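Okay, here's what each chain looks like letter by letter:
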Amino acid sequence: IQNIKLLFLPPRAPELNPAECIWHHIKEKYFSNRVFNNISEVEQKLVEALVDLNLNKQEVKSMTLFNWILI
């Protein structure tokens, strides 16, 4: 299609991809200095993190709502 142009993001660009800030927060708060015995424990911890973020939408906004993003 002629009117579509793909632009590839750099490997680390949180200002261009706000979801990176969320993943950084999850890794820092829920996975830092932890050893899991199996993948089920990892999945449970990830679910816990996502539920917590879902309950705290203001925190998510503060991590991802850059002044140039229009909602």
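Attention here is on the structure that accompanies the text. (Residues numbered from 1 in each chain as written. Predicted model: local features only at pLDDT ≥ 70, side-chain atom pairs only at ≥ 80, totals over all residues. Heavy atoms only, no water.)

Here the focus is the overall build of the protein chain. For the protein chain, the helix and strand inventory stands at three helices and zero strands. Starting at the N terminus, the α and β elements of the protein chain follow one another as α-α-α. For the protein chain, the C-alpha radius of gyration of 16 Å lies well beyond 11 Å, the compact-globule estimate for 71 residues. Along the first, second and third principal axes, the C-alpha atoms of the protein chain reach 50 × 25 × 20 Å. Here the protein chain holds 71 residues, and the buried ones make up 18% of them. (Helix = DSSP H or I, 4+ residues; strand = E, 2+ residues; numbered from the N terminus. Rg over C-alpha atoms; globule rule 2.2 N^0.38 Å. Buried < 20%, exposed > 50% of the residue type's maximum accessible area, 1.4 Å probe, protein only.)

Positive phi outside glycine occurs at N33, with the angle close to 55 degrees. Looking at the secondary structure, you find N33 in the loop between α1 (19–31) and α2 (39–55).

Within the secondary structure, F8 sits in the segment before α1. The sequence separation of F8 and V51 amounts to 43 residues, and the corresponding C-alpha distance is 31 Å.

On to the packing of α2 against helix α3 (residues 57–64), then. Taken N-terminus to C-terminus, the directions of α2 and α3 make an angle of 95 degrees; their axes are 5 Å apart at the nearest point. By the angle between their directions, the pair α2 and α3 is classed as roughly perpendicular. Of the residues in α3, those in contact with L53, N54 and L55 of α2 are K57, E59, V60 and M63. Across the contact of α2 with α3, the residue classes tally to four nonpolar, one polar and two charged. (Axes fitted to C-alpha atoms, helices over the stretch in contact; angles between N-to-C directions. Parallel < 35°, antiparallel > 145°, perpendicular 65-115°, else oblique. Contact = heavy atoms within 4.5 Å. Nonpolar A, V, L, I, M, F, W, Y, C, P; charged D, E, K, R; others polar.)

Let us look at the nonpolar core. Ranked by size, the top nonpolar core spans five residues in total: I26, Y30, A49, L53 and M63. Where this core is concerned, the elements lending two or more residues are α1 and α2. Excluding anything up to four places from it in sequence, I26 contacts F31, L46, A49, L50 and L53. (Core = buried A, V, L, I, M, F, W, Y, C linked by side-chain atoms within 4.5 Å.)

When the charged atoms of two side chains with opposite charge come close together, those side chains can pair. According to the stated counting rule, one finds one salt bridge in the structure shown. A salt bridge links E48 to K45, with the nearest nitrogen and oxygen atoms 3.3 Å apart. Separated by three residues within a single helix, E48 and K45 lie in helix α2, roughly one turn from each other. Judged by its relative accessible area of 36%, E48 is partly exposed. Residue classification places K45 among the buried positions, given a relative accessible area of 15%. (Salt bridge = Lys/Arg side-chain N within 4 Å of Asp/Glu carboxyl O.)

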